[in-house]
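Structural description and commentary
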Amino acid sequence: MGIVREEEEAEFRISRKKLKCARGEERVEEEEEDWERESELPLKPGSFFYPITPSAFVVSDALEADFPIIYVNKVFEIFTGYRADEVLGRNCRFLQYRDPHAQRRHPLVDPVVVSEIRRRLEEGIEFQGELLNFRKDGTPLVNRLRLVPIHGDDGTVTHVIGIQVFDEAKININSISYPVFKETCPQKFDRSGKYSLKSGQLPYIQFQEICGILQLSDEVLAHNILSRLTPRDVASIGSVCRRIRHLTKNEHVRKMVCQSTWGREVTGALELMTKRLGWGRLARELTTLEAVSWRKFTVGGAVEPSRCNFSACAVGNRLVLFGGEGVNMQPMDDTFVLNLDAANPEWCRVSVESSPPGRWGHTLSCLNGSWLVVFGGCGKHGLLNDVFVLDLDAKQPTWKEVFGGSTPPLPRSWHSSCTIEGSKLVVSGGCTDAGVLLSDTYILDLKTENPTWREIPTSWAPSSRLGHSLSVYGRTMILMFGGLAKSGNLRLRSGEAYTIDLGDEKPQWRQLECGIGSQNSVVPPPRLDHVAISMPCGRIIIFGGSIAGLHSPSRLFLLDPAEEKPSWRILNVPGQPPKFAWGHSTCVMGGTRVLVLGGNNGLEWSLNELHELCLASRQDLDP
């Protein structure tokens, strides 16, 4: 799966580098002449690249880390004072440093423009704008810059060409004190300490008497301070002063804060939602849960034959269902997809090759955006411990078996699984063919050349169980909750929570004492076959399940396992929640949509009636 892709990328990079060497100096000189001739051609009207001004050309390798320079023309050397051999292999940001030995960019360089350049390079789109640069001798220059990404045959950005027109910067560097704010701090204080509406730069000594932290540049404040805070803290610190408030309202700063707190993978999944709400509102709604609501809707199509004990997961905006238990305990081996981007969503059977053996009581997980992975379950001839993967976006989707080495987990069903770091499958607990409950934890990295199962050795583990849940938070942290657990000679429903960090060198399970000793503490009733939802901000929602003698599974319980003293609380959500049911499957889509499907109400199983838990406002549903 991901292994094949990495090998193809490696071969592509090697062939590219071989091609560079094979072309030789003669070819480079020809290209240089071509670029020189192109620099003399008039550009489109309205462009600030005038034909009468010689243009500097810089070519960077987009396939290498940090976009190293691989070519500069003579005009670049003349205007900047740097020879080609001094800059090849470096990122072009050194022009933002006034001294060749400086460790950081000059405070006059606009951090907003720098952030925009970084964003556009990451997204592979063109940039055009002005930026303050410096010659090797420290002379300030205005760089009228245009960055153009070059795409390969497969659509990948292979190079970035920078077209630069340098002009003298008409500023006196020595007469401007540090820091310099453009529009972020337009007011200044008079001698009495009161605000003056006149524009100008605040003298350094007077500024020092006001607040030491405000002597820092906007970029230092944003990258070194604000980015290390949580969205809630950033919202609070915005009330300190007008300048800080202006910084905290910047969308790039807000995204940086969310990315630092929630991780790149989570913020990447939330990107589409922010186009409607913006990072500030989205962070607020996910933190306060002020917009959370239930809604019910129906979809077309059918999953036939009818079944129960299937497994489902989300792939983008698609729900995928595999297997299940049919009539007379018949194990099913078919795959169904529900595309929620369609105008009228309906279940469709996917034509796949080499389906895994039919099964129920298994797990289905998503890896790397479009890959599905199936593990274990109960098949026609007993319990299974095999692994199959499927690329849903392939021209002809095909299930492929992955052999995980010589020491795989015991065959099992009713276990729990999750994925971490985009490529690692984690399996925990379950029940053997002899009815023995398990307490082990295994991990399988499907990105390696030869994936091999590895048991996580711990000095202590939660009691053996089945029907529990595993939820991921903080990249490698896992929360285990509930299940039917062994207690002496008995098997009882559990309401306990345990956590482990698989990123540690020696991971260890520990029990969370949620709200113990608090008079107002809330404890979810013990349960199994429930739903556990991982939110983007690291909190966990528990819903439904098989609860002895209680009929309130539509009540939601919320826990933040990262708190110093975590405690459960009840989350009251308006709308139409699912009825009393157990055995639900749940899928989190885009980080803000939780789809709950299936479930047994004692009479039937339903797959055409879906309930959505909206964690943030959905403007596409607004009247």
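The structure displayed is predicted, hence computed values, not measured ones. (Residues numbered from 1 in each chain as written. Predicted model: local features only at pLDDT ≥ 70, side-chain atom pairs only at ≥ 80, totals over all residues. Heavy atoms only, no water.)

Attention now moves to the nonpolar core. Buried together is how nonpolar side chains tend to be arranged in soluble globular proteins. If you look at the biggest cluster of nonpolar residues, it comprises 26 residues, and the most contacted ones within it are Leu 282, Trp 294, Ile 541, Leu 556, Val 573, Leu 613 and Leu 615. Those elements that provide at least two residues to this core are helix 9 (251–262), helix 10 (264–277), helix 11 (279–288), strand 29 (531–534), strand 30 (540–543), strand 31 (556–559) and strand 34 (593–600). Residue contributions to this core peak at 4 residues, all from helix 11. Ignoring sequence-local partners within four residues, the contact set of Ile 541 consists of Val 531, Ala 532, Ile 533, Met 535, Leu 556, Phe 557, Leu 558, Leu 571, Leu 613 and Leu 615. Listed in part, the 18 residues of the second largest apolar core include Ala 314, Phe 336, Leu 338 and Leu 595. (Core = buried A, V, L, I, M, F, W, Y, C linked by side-chain atoms within 4.5 Å. Buried < 20%, exposed > 50% of the residue type's maximum accessible area, 1.4 Å probe, protein only. Helix = DSSP H or I, 4+ residues; strand = E, 2+ residues; numbered from the N terminus. Contact = heavy atoms within 4.5 Å.)

A word on the sheet that holds strand 2 (residues 69–72). Taken together, the 5 strands give an open sheet; going across it, the order is 2-1-5-4-3, and neighbouring strands pair in antiparallel fashion. A strand with exactly one partner marks an edge of an open sheet, and here the two such strands are strand 2 and strand 3 (127–134). Within this sheet the neighbouring strands show an average axis-to-axis angle of 25°, counted without direction. Summarising the sheet, strand 3 and strand 4 (residues 140–151) pair through 8 bridges and their orientation is antiparallel. Pairing of Gly 129 across the sheet is with Leu 145, part of strand 4. Packed onto the sheet, helix 4 (residues 111–123) meets strand 3, strand 4 and strand 5 (157–168) and runs at close to 130° relative to strand 3. (Pairing = 2+ DSSP bridges. Axes fitted to C-alpha atoms, helices over the stretch in contact; angles between N-to-C directions.)

Taken as a whole, this structure holds 24 salt bridges when the rule is applied. The residue Lys 424 makes a salt bridge to Glu 421 at a minimum N-O spacing of 2.7 Å. (Salt bridge = Lys/Arg side-chain N within 4 Å of Asp/Glu carboxyl O.)

Before going further, it helps to examine the pairing of strand 14 (residues 363–367). Among the 5 residues of strand 14, 4 are classified as buried, and the element is accordingly described as predominantly covered. From the end of strand 14 to the start of strand 15 (residues 371–379), which pair antiparallel, there are 3 residues, and Asn 368 there has a positive phi angle of about 55°.

The subject of this paragraph is the sheet that holds strand 14. Paired through backbone hydrogen bonds, the strands of a sheet run either parallel or antiparallel to each other. What the 4 strands build is an open sheet, ordered 14-15-16-17; its pairing is antiparallel. Every other strand in the sheet has two partners, leaving strand 14 and strand 17 (400–402) as the edge strands with one partner each. This sheet shows a mean twist of 30° between the axes of neighbouring strands, independent of strand direction. The sheet contact formed by strand 14 and strand 15 spans 5 bridges and is antiparallel. Residue pairing in the sheet places Leu 364 in a bridge with Val 374 of strand 15.

Turning next to the packing of aromatic side chains. All chains considered together, the criterion is met by 9 aromatic pairs. Here Phe 79 and Phe 166 contribute two aromatic rings whose centre-to-centre distance is 6.0 Å and whose plane-to-plane angle is 25°, an arrangement assigned as stacked. You can see Phe 79 sitting in helix 2 (residues 74–80) and its partner Phe 166 sitting in strand 5, a full 87 residues away along the chain. Consider the rings of Trp 460 and Tyr 498, whose centres lie 5.9 Å apart with planes at 45°: the pair is tilted. Remark: Tyr 498 occurs in strand 27 (residues 497–501) and Trp 460 occurs in the loop between strand 21 (454–455) and strand 22 (465–466); sequence separation between them is 38 residues. Assessed through its relative accessible area of 40%, Trp 460 is described here as partly exposed. Aromatic rings pair up to connect Phe 375, Tyr 442 and Trp 453 into one cluster. The ring of Phe 94 has Arg 90 sitting right over it, with the charged end atom 4.4 Å from the ring centre. (Phe/Tyr/Trp six-rings, centres within 6.5 Å; stacked < 30°, edge-to-face > 60°. Lys NZ or Arg CZ within 6 Å of the ring centre and 35° of its normal.)

Moving on, we come to unusual backbone geometry. Between Glu 304 and Pro 305 the backbone carries a cis peptide bond, its omega angle lying at 0°. Checked against the element boundaries, Pro 305 lands in the loop between strand 9 (300–301) and strand 10 (311–315). The backbone of Asp 529 sits at a positive phi, close to 55°, despite the residue not being glycine. With respect to the element layout, Asp 529 can be found in the loop between strand 28 (510–511) and strand 29.

Assignment of secondary structure puts Leu 364 in strand 14. Along the chain, Leu 364 and Phe 388 lie 24 residues apart, while their C-alpha atoms are 9.7 Å from each other. Look past the residues within four positions of Leu 364 in its chain and what remains in contact with it is Ser 311, Ala 312, Cys 313, Val 320, Phe 322, Leu 372, Val 373, Val 374 and Trp 399.

For helix 4, with 13 residues, the first-to-last C-alpha span of 18 Å sits near the 18 Å given by 1.5 Å per residue. Every buried residue of helix 4 is listed here: Pro 111, Val 113, Val 114, Ser 115, Glu 116 and Ile 117. For helix 4, the elements touching its buried residues are strand 3, strand 4, helix 6 (218–225) and helix 9. Its side-chain oxygen 3.0 Å from the backbone nitrogen of Val 112, Asp 110 forms the N-cap of helix 4. A positive phi of about 70° marks Gly 124, the residue just after helix 4. (Expected span 1.5 Å × (residues − 1). Polar contact = N/O pair within 3.5 Å; in protein donor to acceptor, adjacent residues only side chain to side chain.)

Our next topic: the packing of helix 10 against helix 11. In the contact formed by helix 10 and helix 11, the axes pass within 8 Å of each other and the chain directions differ by 115°. Classified by the angle their axes make, helix 10 and helix 11 are roughly perpendicular. Relative to helix 11, the crossing made by helix 10 is right-handed. Contact with helix 10, carried on its side by Thr 267, Leu 270, Glu 271, Met 273, Thr 274 and Leu 277, involves Trp 279, Arg 281, Leu 282, Glu 285 and Leu 286 of helix 11 and no other residues of that element. (Parallel < 35°, antiparallel > 145°, perpendicular 65-115°, else oblique. Left-handed = near helix turned anticlockwise from the far one by under 90°.)

Enumeration over the complete set of coordinates arrives at 0 disulfides. For the unlinked cysteine Cys 378, the closest cysteine sulfur is that of Cys 431, found at 9.9 Å. (Disulfide = S-S within 2.5 Å.)

The subject of this paragraph is the confidence of the model for the protein chain. Mean pLDDT for the protein chain: 80, with 80% of residues reaching 70 or above. With pLDDT under 50 throughout, residues 1–51 is counted as low confidence; its partners more than four residues away or in other chains account for 53 contacts. Of the regions scoring below 50 in pLDDT, residues 176–210 engages in 57 contacts with residues more than four places distant in sequence or in other chains. (pLDDT = per-residue confidence, 0-100.)

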